[in-house]
Amino acid sequence: MSASILQVRDLHVEFNGVKAADGVSLDINEGEFLAVIGPNGSGKTTLLNLCTGYVRPKSGSIHLDGRAITGLSPRVITRRGVARAFQIPQLFSDQSVLDNMMLALAAKDGLWTMLRPLALPARREEATALLDLVGLRDDKNRVSRTLPEGHRKLLDIAVALALKPRLLLLDEPTSGVSTLERFSLMEALMSALRTRNITALFVEHDMDVVARYADRVLVWNAGTVMAQGHPDEVFKDERVLKNVVGVA
Amino acid sequence: MRAILLIVAILAIVAAPMAAPWLQFVLTMAIAKGLAALGVAVLLRAGMISIGHAMSFAASAYGVAFLARGGISDFGVLLVLSVVVTGLAGAVVGAFLIRYRAIFFAMLNLAVSMVFYALFAKLYGLTGGTDGMTIPVPTVFGVVLSEPTFKAVLFYGSVALMLLVGLAVHRYLDSPLGHALSAVHTNEVRLEYLGVPVWAVLLVAYIVSAVLAGMGGAIAGFAIGRVVPDFAFWTASGHLVLVAVLGGIGGVPGAFIGAFFLELLHTEAAAFTDAWNLIVGAALIGVIMFLPKGLYGLLTRSEVPAK
Ligand SMILES: Nc1ncnc2c1ncn2[C@@H]1O[C@H](COP(=O)(O)OP(=O)(O)OP(=O)(O)O)[C@@H](O)[C@H]1O
Ligand SMILES: [Mg+2]
């Protein structure tokens, strides 16, 4: 088995008595595409919030490449190579699609060029290439607020890719994306991950997508990992079928 | 098209005092207030309203007065030093205030500015209290000038400064840092998740805005020849916000358009009516209701349909 990039050990967190993470331990291995499935409200988004420092655990630890990142801010964790796309897209809604992308690219370069424009030709090109990849070429100049939900989702993913992360966390990347576009998005995403050597975890409700693309599946239930393994094995598990696949 | 408009406007401003000498002072003050309002407009990009920016305006004018009292007599040195000091003061005050948002940011700026006002007014021995301090006619590159000559130099120097600074601020707002500033307004969470330190983006903006207000304050001080605590009074801060909103915060020219409009309107209206406040109030209501992008929006309309 390849080396693990992210190690999560015995995380606990609760909100008003609801245990959103109840002794969670897991590893994300270099190069894998790891799916997380589980019923609504089981704590999948909370797991991403914990791994990126948006929520602090009550106890437990998180290590990235063997270094502790527990309690660090999202900004610092992002700088260490973890990017995130959100369940509800987080965009700069007053700015154009292209500007959203270029700002992400500029953030990666470091912002401290006060007197050079954001829209440098090379940056514009790189941004356009990424927009092409996720299929947003025609929306380039639209104000991001005016995009349909599915396209905002795609832009959010493209922004995360622009950060050239080592580890990418995707929260339901295909929700809101039409079933027609779903598989072309996944194909584009998989090729981007492979060519850029990005390890990824994705939360997903579409079991067809999971079965087809995931190297490994974590089944989440009530704040804990209920089962894990190769999709074929996991989908045979009675408990999983009953608790998750049936309801998700 | 816009370049031609700009050139015509600059030529008109430069030529105006030749036709009507009294305009020289009015226009110098308009530039001074325009610079300060531009500072307010920079922060407005991030959705942060400073109702206290007259403090930097006043601090810089007092800076000039103190430095002049201390024996510095050169115009350039006085201007640069007072603006640098104001920028440093802005960094200190800003480091504390940029942690707050919305009404808290607005009110804390107001509060700090009123502390400044009180200090200027009460430290009689140092600041001359409500009488203020005189700002003597400085030398320019070592040359001793008569007052009218200096006022002309000040006017043309201010026009040049307005152009230079306007260009620099335009480039700043067009840079990644400037775009990040607008992004603070819409999504701080995403900014953090891009690895951007929001506090640093805001601190730079706060310092820039303090420096702009400082330039304006120094120019106003030289033009009037005196600085009084009222420079820092909250109504002066409110006036700067008014200028910024009236002119339009979409681009650099907005603040100056607002300032020229208000200064000229004031001089004209005050000459034959005391309904000045009524006129300004009505103008502001009109702009907010019909021109959400301010007067400058009139010139830049079209490209993106409002939605
Ligand atoms: N910041 C918060 N404050 C209070 N409660 C929270 C917070 N974040 C999550 N929760 C609660 O924790 C539980 C897990 O929420 P979470 O969003 O992680 O679930 P999820 O698995 O992502 O669900 P979904 O499939 O609907 O996205 C829910 O009961 C939710 O209400
Ligand atoms: Mg969720």
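Definitions and cut-offs
Residues numbered from 1 in each chain as written. Chains lettered and ligands numbered in written order. Predicted model: local features only at pLDDT ≥ 70, side-chain atom pairs only at ≥ 80, totals over all residues. Heavy atoms only, no water. 1 Å grid on protein atoms, 1.4 Å probe; cavity = no way out; pocket = protein on both sides within 12 Å on 5 of 7 lines; lining within 4 Å. Points joined across faces, edges and corners; volume = space filled by probe spheres on them. Helix = DSSP H or I, 4+ residues; strand = E, 2+ residues; numbered from the N terminus. Nonpolar A, V, L, I, M, F, W, Y, C, P; charged D, E, K, R; others polar. Donors = N, O, S within 2.8 Å, 3.2 Å for Na, K, Ca; no water. Buried < 20%, exposed > 50% of the residue type's maximum accessible area, 1.4 Å probe, protein only. Axes fitted to C-alpha atoms, helices over the stretch in contact; angles between N-to-C directions. Parallel < 35°, antiparallel > 145°, perpendicular 65-115°, else oblique. Contact = heavy atoms within 4.5 Å. Buried area = accessible area lost by both parts, 1.4 Å probe. Salt bridge = Lys/Arg side-chain N within 4 Å of Asp/Glu carboxyl O. Domains from an automatic or database assignment. Near = heavy atom within 4 Å. Polar contact = N/O pair within 3.5 Å; in protein donor to acceptor, adjacent residues only side chain to side chain. Areas by Shrake-Rupley, 256 points an atom, 1.4 Å probe, with all protein chains shown as cover.

Chemist: Can you tell me about the layout of surface pockets, naming the residues and giving the values?
Modeler: Residues and elements named next belong to chain B. What the second largest pocket holds in volume is close to 570 Å³. Contributing elements (two or more residues each) for the lining of the second largest pocket: α2 (23–45), α10 (198–224), α11 (234–247), α12 (252–272) and α13 (276–290). Here the lining of the second largest pocket gets five residues from one element, more than from any other, and that element is α11. Residues that form the lining of the second largest pocket fall into these classes: 13 nonpolar, five polar and three charged.

Chemist: Account for the coordination of the magnesium ion (ligand 2), with residues named and values stated.
Modeler: Residue and element names in this part refer to chain A. The magnesium ion (ligand 2) binds to the protein through Thr45 (OG1) and Gln87 (OE1); the donor distances cover 1.9 to 2.1 Å. Of the two residues, Thr45 sits in helix α1 (residues 44–51) while Gln87 sits in the loop between β6 (82–85) and α3 (97–109), which places them 42 residues apart along the sequence. Judged by its relative accessible area of 25%, Thr45 is partly exposed. When its relative accessible area of 32% is taken as the criterion, Gln87 is described as partly exposed.

Chemist: So what's going on with the packing of helix α7 (residues 147–174) of chain B against helix α8 (residues 176–186) of chain B? Residues and values would help.
Modeler: Residues and elements named next belong to chain B. Between α7 and α8, the shortest axis-to-axis distance is 4 Å and the interhelical angle comes to 65°. In terms of axis orientation, α7 runs roughly perpendicular to α8. Packed against α7, whose contacting residues are Tyr172, Leu173 and Asp174, the element α8 presents Pro176, Leu177, Gly178, His179 and Leu181 at the interface. Partitioning the contact of α7 with α8 into residue classes produces five nonpolar, two polar and one charged.

Chemist: Help me get a handle on the interface of chain A and chain B, residues and values and all.
Modeler: It is common to give the size of an interface as the accessible area that goes away when the parts come together. Chain A puts 34 residues into the contact, and the matching count from chain B is 27 residues. Both faces combined, the contact of chain A with chain B buries some 2800 Å², and carbon together with sulfur accounts for 65% of it. On the chain A side of the contact with chain B, A:Arg75, A:Phe92 and A:Met114 bury the most area, a combined 23% of that side's loss. At the boundary of chain A with chain B, the tally comes to two salt bridges. Of the charged contacts, one joins A:Arg75 and B:Glu192 as a salt bridge, the two residues approaching to 3.8 Å between their closest N and O atoms. Listed by contribution, the elements that provide at least two residues to the side of chain A that touches chain B are α2 (74–79), β6, α3 and α5 (149–162) of chain A. The biggest single contributor to the side of chain A that touches chain B is α3(A), with five residues. Across the side of chain A that touches chain B, the residue classes break down as 18 nonpolar, seven polar and nine charged.

Chemist: Could you give an account of the domain arrangement of chain A, with specific residues and numbers?
Modeler: Residue and element names in this part refer to chain A. By the assigned domains, chain A splits into domain 1 (1–81 + 165–248) and domain 2 (92–163). Distance from the C-alpha centre of domain 1 to the C-alpha centre of domain 2: 25 Å. With 18 residues of domain 1 at the interface, the matching set in domain 2 holds twelve residues. Between domain 1 and domain 2, roughly 1200 Å² of surface is buried when both sides are summed, and carbon and sulfur atoms account for 68% of that area. For the interface between domain 1 and domain 2, the tally reads zero salt bridges. Secondary-structure elements contributing two or more residues to the side of domain 1 that touches domain 2 are α2, β7 (167–171) and α6 (179–196). The greatest single-element share of the side of domain 1 that touches domain 2, amounting to six residues, is contributed by α6.

Chemist: An account of the site of ligand 1 is requested, with residue identities and associated values reported.
Modeler: Residue and element names in this part refer to chain A. Around ligand 1, 14 residues are found, and the nearest of them are Gly41, Lys44, Thr45, Thr46 and Gln87. In this structure, Lys44 approaches ligand 1 through a side-chain N or O atom, which is 2.7 Å from an oxygen atom. Alone, ligand 1 offers 630 Å² of accessible surface; in the complex the protein occludes 63% of this. Broken down by secondary-structure element, the contributors of at least two residues to the shell around ligand 1 are β2 (18–29) and α1. Here the residues of the shell around ligand 1 are counted per class, giving four nonpolar, eight polar and two charged.

Chemist: I'd love a proper account of unusual backbone geometry, names of residues and values included.
Modeler: All names here are of chain A. For Asp10, which is not glycine, the phi torsion reads 50° and is therefore positive. Look at Asn16: it is not a glycine, yet its phi comes out positive at around 45°. With respect to the secondary-structure elements, Asn16 resides in the loop between β1 (4–15) and β2.

Chemist: Describe empty space enclosed by the protein, listing the residues and the values that go with them.
Modeler: Residues and elements named next belong to chain B. The final tally for this structure, using the stated rule, is two cavities of 30 Å³ or more. Of the pockets and cavities examined, the largest cavity occupies roughly 70 Å³. Taken together, Met55, Ser56, Ala59, Thr86, Ala89, Gly90, Val93, Phe116, Tyr206 and Ala210 make up the lining of the largest cavity. Listing elements by their share of the lining of the largest cavity, those giving two or more residues are α3 (54–69), α4 (75–97) and α10. Of the residues assigned to the lining of the largest cavity, the class counts are seven nonpolar, three polar and no charged. What the second largest cavity holds in volume is close to 40 Å³. A class-by-class count of the residues in the lining of the second largest cavity yields six nonpolar, one polar and one charged.

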